[in-house]
Amino acid sequence: MINTALLKKICETPGIAGHEQLVRELVIKEVKPYVDSVSVDNMGNVTAFKKGKKDKKVMIGAHMDEIGFMVNHIDDHGFLRFIPLGGFDPKTLTAQRVIVHGKKDVIGVMGSKPIHMMSAEERNKVVQLTEYFIDLGMKKKDVEKIVSVGNAVTRERELIEMGDCVNCKSLDNRVSVFILIEVLKELKKTPYDVYAVFTVQEEVGIRGAQAAALNIKPDFGFGLDTTIAYDVPGAKDHEVCTKLGQGAAIKVLDASAICDYRMVQYMKNTAAKHKIKHQLEILTAGGTDTAAIQKMTPGGSISGAVSIPTRHIHQVIEMCSKQDIRDSIDLLKHCIQDLDMYNWNFI
């Protein structure tokens, strides 16, 4: 169904915002045989280019960075303090292992005040991110031989298969990196020039996609990112954004972009034509590269997005359906291949 070995490699490779170099190297190696050219811009975005037959440009954005942390202090006892790069749900960090990427990689543990030492009032409060520290099990003099202020910190979680799903850190957004690589491998025709951009720094403000879109000036655009699968106990029917196992999600809107209604209809038609299981996504918070692709070009681009339903998003581990991943590959591939067969006039 999907190449889980490649997905595992992509997810487990570290790369927080601004430090995507290892993921970038992996992406370049994987896509180079399947495209006409590969380039890297000043920000670190990787653009894989495939020449089309007609004079229009299609940009697809999938961000390489993962949420993580950066060391900003080493105290007198060797404990690390840190700042977040990207949004975290603090309650999921307690006693979790992380990897500090210093002169060499070292394992640390997210520590906080023990429950035995908490007051009754403290026990009823969610521990804030600022109350955590990283314990490396070493004295300060030994820590400073390896770790410096400014070092990256990532979650320590390998990819495993659970039922019909995959479970790992960084499925947001490495699953989309994987999907875009697979699409480039499977594309049979490209009516328009295709710019597949593996972007940087999305988790801290959609920065890489902005730079790439300004340079490419696309006519059409597709974002490729995870979205919330809120099909869990306690969710009300009207709150469910997407469901795991119900197919690739076609974005209608999120907090940063309202997808072009023509593109939404085109994607629905394409999914129906090729018998691809799909669902609609209306996300009232958050944003993706879609926003930058849509608006960071003169006159804007006709943009939409393929979203991958994901449970436990922005937590220590995340979960996707293998069938949804396969459906997302198929949907994006056919949307690119059929793009010149639709009437794009405003009606």
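Residue positions are counted from 1 within each chain, in the order its sequence is given. The predicted origin of the model limits local features to residues at a pLDDT of at least 70 and limits the giving and counting of side-chain atom pairs to 80 or more, whereas totals for whole chains, interfaces and linings rest on all residues. The basis for every side-chain value is the complete set of non-hydrogen atoms in the structure, without hydrogens or water.

### Considering the nonpolar core
Then, in step 1: Put simply, buried Ala, Val, Leu, Ile, Met, Phe, Trp, Tyr and Cys residues joined by side-chain atoms within 4.5 Å make one nonpolar core. Per-residue accessibility, obtained with a 1.4 Å probe over protein chains only, is compared with the maximum for each type, and a residue is labelled buried under 20%, exposed over 50%, and partly exposed between these values. Grouped together as the largest cluster of nonpolar side chains are 58 residues, with contacts concentrated most on L7, F198 and I325.
Then, in step 2: Working definition: helices are DSSP H or I runs of at least four residues, strands are E runs of at least two. Numbering for both runs from the N terminus. For this core, the element with the most residues is helix α5 (residues 171–186), which contributes nine residues.
Then, in step 3: For I325, the residues in contact, after removing those within four places along its chain, are I2, L7, V166, V175, F178, I179, I308 and C320.
Then, in step 4: Residues L80, V106, M118 and I146 belong to the second largest nonpolar core, which totals 23 residues. In this description, contact between two residues means that some pair of their heavy atoms is separated by no more than 4.5 Å.

### Re the pattern of salt bridges
Then, in step 1: Salt bridges are counted wherever a side-chain nitrogen of Lys or Arg sits within 4 Å of a carboxyl oxygen of Asp or Glu. For the structure on display, the rule yields 25 salt bridges.
Then, in step 2: Among the ionic pairs, K140 bridges to E144, the shortest N-O distance being 3.9 Å.
Then, in step 3: Relative accessible area serves as the criterion here: at 24%, K140 is assigned to the partly exposed category.
Then, in step 4: E144 gets classed as partly exposed once you look at its relative accessible area, which sits at 43%.

### Side note on unusual backbone geometry
Then, in step 1: Residue N173 is bonded to the preceding D172 through a cis peptide linkage, with omega at 10°.
Then, in step 2: Considering the arrangement of structural elements, one finds N173 in helix α5.
Then, in step 3: Phi at Q201 takes a positive value of approximately 55°, unusual for a residue other than glycine.
Then, in step 4: Examined against the element boundaries, Q201 turns out to sit in the loop between β12 (192–199) and α6 (207–216).
Then, in step 5: Take Q201: its relative accessible area is 16%, and that puts it in the buried class.
Then, in step 6: Of note, the phi angle at K275 is positive, near 55°, even though the residue is not glycine.
Then, in step 7: Considering the arrangement of structural elements, one finds K275 in the loop between α7 (261–273) and β15 (278–282).

### Focus: the pairing of strand β2 (residues 46–50)
Then, in step 1: Of all five residues that make up β2, five are buried, and the element is covered over most of its length.
Then, in step 2: Here β2 shows no split at all, with V46, A48 and K50 on one side and T47 and F49 on the other all buried.
Then, in step 3: What makes two strands pair is DSSP finding at least two bridges between them. Hairpin connection from strand β1 (residues 37–40) to β2: five residues lie between these consecutive antiparallel strands, with G44 at a positive phi of about 110°.
Then, in step 4: Alignment of β2 against β12, held across five bridges, turns out to be antiparallel. When the sheet's bridge partners are listed, F49 is paired in β12 with Y195.

These figures capture arrangement, not role.
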